[in-house]
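The primary structure of each chain is shown beneath.
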Amino acid sequence: MRGFPPPPEKRPDLTNWDLAPFNRWSFMNIRKLFPTEDVKANQNNIQALPPALQDLHTVSFRDHKGDKKSITEFLDDSYTDGFLVLHKGKIVVEQYFNDMQPDTPHLSQSVCKSFVGTLTGILQQQGLVDTDEPIVKYVPELKRCGYKNAKLSHALNMTSGVRFTEEYNTPGSDMTRIDIASGWRPVPEGETQLTIRDTILSLPKVRPHGEIFEYKSVETDVVAWALERASNQSLAELMSELIWKKIGAEHNAFFTVDRAGTALANGGFNATLQDYARFGLMMQNNGTVGASEVVPKTWVDQCASGDSGVFGPPYTDICPDGAYSNFWWVNNIDEGDFMARGVFGQMVYVNRAAELTIVKLSTWPDYRITDFTRDSLAAFGAIKNHLS
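This text gives an overview of the structure that appears in the document. (Residues numbered from 1 in each chain as written. Predicted model: local features only at pLDDT ≥ 70, side-chain atom pairs only at ≥ 80, totals over all residues. Heavy atoms only, no water.)

1. Some thoughts on the pairing of strand β7 (residues 253–256)
Covered by surrounding structure in β7 are A253 and F255 together with F254 and T256, the residues of both alternating faces. Across four bridges, strand β1 (residues 36–39) lies against β7 in antiparallel orientation. From the neighbouring strand, V39 faces β7, where its bridge partner is A253. Alignment of β7 against strand β8 (residues 269–271), held across two bridges, turns out to be antiparallel. Bridging across to β8, F254 finds its partner in N270. (Buried < 20%, exposed > 50% of the residue type's maximum accessible area, 1.4 Å probe, protein only. Helix = DSSP H or I, 4+ residues; strand = E, 2+ residues; numbered from the N terminus. Pairing = 2+ DSSP bridges.)

2. A look at the sheet that holds β7
The strand order across the open sheet built from four strands is β1-β7-β8-β6, with neighbouring strands paired in antiparallel fashion. Every other strand in the sheet has two partners, leaving β1 and β6 (106–107) as the edge strands with one partner each. Of the strands in this sheet, β1, β7 and β8 are in contact with helix α8 (residues 235–244), which crosses β1 at around 20°. (Contact = heavy atoms within 4.5 Å. Axes fitted to C-alpha atoms, helices over the stretch in contact; angles between N-to-C directions.)

3. Comments concerning the packing of aromatic side chains
According to the stated counting rule, one finds 30 aromatic pairs in the structure shown. Arranged with centres 5.4 Å apart and planes meeting at 85°, the rings of W244 and F269 form a pair that is edge-to-face. Of this pair, W244 sits in helix α8 while F269 sits in strand β8, and the two are 25 residues apart along the sequence. Each member of the pair, W244 as well as F269, is classed as buried. One aromatic cluster is present, built from ring pairs that chain together F115, W244, F255, F269, Y276, F279, W328 and F338. Of note, R31 hangs over the ring of F254, and the distance from its end group to the ring centre comes to 4.0 Å. For the cation-ring pair, R341 lies above W329, with the distance from its terminal atom to the ring centre recorded as 4.1 Å. (Phe/Tyr/Trp six-rings, centres within 6.5 Å; stacked < 30°, edge-to-face > 60°. Lys NZ or Arg CZ within 6 Å of the ring centre and 35° of its normal.)

Structure (structure tokens):
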């Protein structure tokens, strides 16, 4: 994207903006591509993140091939844009790559889901939602689709029996249909563009609710719909008032929105590196910032645990002792470390026992690269051991 204007062949469009090499620019320039809605910060309440910088370039680990790799090599090899390590509330490492700067907002992809899960815990404490209640209590329109008899908890833990084909950039898949509805993909010729919520209402039930965990991005959009109805506020307003201002975020964040103004809850959130770290730190501190509670500790405890009985392949390939709970990935149930994770390499990793939060923002050349995820968790483990 150099030049005024850049050459046509260098400009991302709706067919390629999230694919290599275009995503290396577009993930940090989302507002130049899509309509958005602000998540406002409070400039009078910025949480300080004091430095306690260390050089971790000598820290090493065994990668997925069994080869020894340094943290520096890992960051270089895995298309890193931003990397931050917080230990005991202080910044140990803060690095930027690929022209990213401290005030650059970066697309979070499915890290966004964990924000929605956290909001759910706050609204439940306020008595506005109950995860044991049917979703149709909050969104009656869902009686017309596969969510008719699903509880809010089924969507929150991705155990509903609703069909959703999570196949990225594949013509006709439900994920591609959501991308088109959200404005992230072009509308096929001869078709009418639906909204995100129009698309939700087209999804059928294919098995009983609660049987197994199956990763379905749309579940986050369903939960967000219920939260908005229950609170009579938009997702961006809820995020601003209940999380962003309370964690002491420094910069405004934002969601991409569809043509109805609906935020893409499953992956459209954008924020700066330090602000993602402030969110992780709040979860690391059992839902508190200083003496103020943001989300109940009992909810954070749930996010760090889960039902391993419904968690199987292919998800156990990366987290063999893991689970999925409240839109958070549990890495190891016994250790209680958990993470927000998104395609193309976005991660907010939280380990309460080690007083550790790690944020990695990336622009991988493909949606999923399992070996990069394995290497990330191995690198985080090496950093944890080094700091301990």
